[in-house]
Amino acid sequence: MNREEVDERLVSGRLTIDLQALVRNWKWLAANAPNSAIAMSVKADGYGLGLPRIGDALAQAGCRHFFTANPLEGTVLRRVTENAEIFILSGLTEKNAAHYNEASLTPVLNSLEDIDVWANWCRKSGHRRPCAIHIDTGMNRLGLTPDEALRFIKDRQLRHSVTENLILSHLACADESDHSKNFQQLKSFNEVASHFEGSRKSLANSAGIVLGEDYQFDICRAGIAVYGGEFSDIAGPLEPVAKLEGRIVQIRNSNRGETVGYGGTAKLEKNTRIAIVGIGYGDGVHRAASGSGVAMRELNGGTTGWIGGHVVPAIGRISMDLTAFDVSHVPESVLEENSWIEFFGENVPLADFSKAAGSIDYEVLTGIAPRVHRVYKDTSESNSNG
Ligand SMILES: *Cc1c(COP(=O)(O)O)cnc(C)c1O
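Think of each chain on its own: its residues are numbered from 1, step by step along the sequence as written. Only residues with pLDDT of at least 70 are given local features in this predicted model, and only at 80 or more are side-chain atom pairs given and counted; all residues enter the totals for whole chains, interfaces and linings. Hydrogens are left out, water is left out, and the side-chain values use all remaining heavy atoms of the structure.

**Let's talk about the side chain of Thr106**
The test is simple: In this text, helices come from DSSP runs of H or I with a minimum length of four residues, and strands from runs of E with a minimum of two, each type numbered from the N-terminal end. Categorising residues by exposure relies on relative accessible area from a 1.4 Å probe, with only protein chains included: less than 20% of the type maximum marks a residue as buried, more than 50% marks it as exposed, and the intermediate range marks it as partly exposed. Contact definition: two residues touch when any of their heavy atoms are within 4.5 Å.
Relative to the elements of secondary structure, Thr106 occurs in strand E5 (residues 106–109). Look at Thr106 and you get buried, because its relative accessible area is 2%. Sequence-distant contacts of Thr106, that is, excluding residues within four places in its chain, are made with Glu85, Ile86, Phe87, Ile88, Tyr100, Arg129, Pro130, Cys131 and Ala132.

Pasting the structure below:
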């Protein structure tokens, strides 16, 4: 089912995605790397915000290079952009190699074995689709070691069996701007990359871009910064892009001494007005962000929501479909006018919610469940809605 076709009256969670803010964030990064192309990482359904709309908005804004995790995501993206270069970070197998050609996707080769698989397919099919080669300079996740890269370069036959057009590596600690690993990886990347003269180079993710020009090379691979997440200790966050809200299902008056929620972990110290909101961990509102009664959260009050100018603390454990907030101090008129409570967005920073959940913005965004209704805001829509 197309999520946008869901009738909002039928659901109790909505995620509003501001496509204009997304594009402004992308342009901010572009202005900070004027000699590089800013590619977008749109893996995991565009960081949970909906790949087709995210990809379409960015492509229309001029984004010409995208990265996804697997070829299925790349194929979904291909439907909204005919011309962009789509790199697939981790999905090449013997069985799907032909699909890369059919959907015009570029595989990122992460090992000498990957290079073999691609070389074999190219030879058998007679196609010479370009590929990218990933060098591991210190992450120890994917990519050829620098030694393997040198072996590849010296093996003339293997070297001529594939056509690489991009050499990339990934930084492990870019969000810590003075971490010594950043410079070590840069140095190692420069050494290996010097052997691939004709290919474009790419090292930086969002955080790497603001480490400076040395890190930017031909293509930067942006992600979380463009989605409004925290990305660096020296810059941002940029504009919020996603707002998560839950509908108030019931408001109740509870008495001092009573408890709230599973486990009875929140004992009321005074008479309390409680708003019960219709989203919970089944929607991606992490249980670890509970007001109390969760191991990680024993020491503080958990997350806070926002309604009509008022900050409201979560009380007790978050359950699958419901979250309780203390709205005792919120005027009656505000509760009458507003039927939704914001979990994060313009008023509650995404990073605050993520920290309350013991998590990070990436995990929170990619974890918003499919049953949460996605609403896309762009100029034309906001005009027509007034
Ligand atoms: C996800 C990813 C990115 C984007 O990272 P952000 O921190 O979101 O900017 C870039 N490169 C690779 C290899 C990735 O896996």
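After presenting the structure, the write-up continues.
**Concerning the site of the ligand**
Our working rule: Nearness is judged by heavy atoms alone; a residue qualifies as near a molecule or strand once a single heavy atom is within 4 Å of it. Here a polar contact is recorded for every N or O atom pair within 3.5 Å, except that within protein the pair must consist of a potential hydrogen donor and a potential acceptor, and residues adjacent in sequence are included only if both atoms are side-chain atoms. Note that accessible areas follow from Shrake-Rupley with a 1.4 Å probe, and for residues the cover is restricted to the protein chains shown.
Near the ligand, the surroundings consist of 13 residues, among which Lys43, Tyr47, Ser206, Ile224 and Tyr362 are the closest. Taking His170, its side chain carries an N or O atom lying 3.4 Å from a nitrogen atom of the ligand. Ser206 is positioned such that a nitrogen or oxygen atom in its side chain is 2.5 Å from an oxygen atom of the ligand. Protein chains bury 92% of the 390 Å² of accessible surface belonging to the ligand in isolation. Counting only elements with at least two residues in the shell around the ligand, the list comes to helix H2 (43–47) and strand E9 (219–222).

**A word on the pairing of strand E16 (residues 323–326)**
The line we're drawing: The pairing criterion is simple: DSSP has to find at least two bridges between the two strands.
The alternating pattern of E16 places Thr323 and Phe325 and Ala324 and Asp326 on opposite faces, both of which are buried. For strand E13 (residues 272–277) and E16, the ladder comprises four bridges, and the chain directions are antiparallel. Paired with Ala275 across the bridge in E16 is Phe325.

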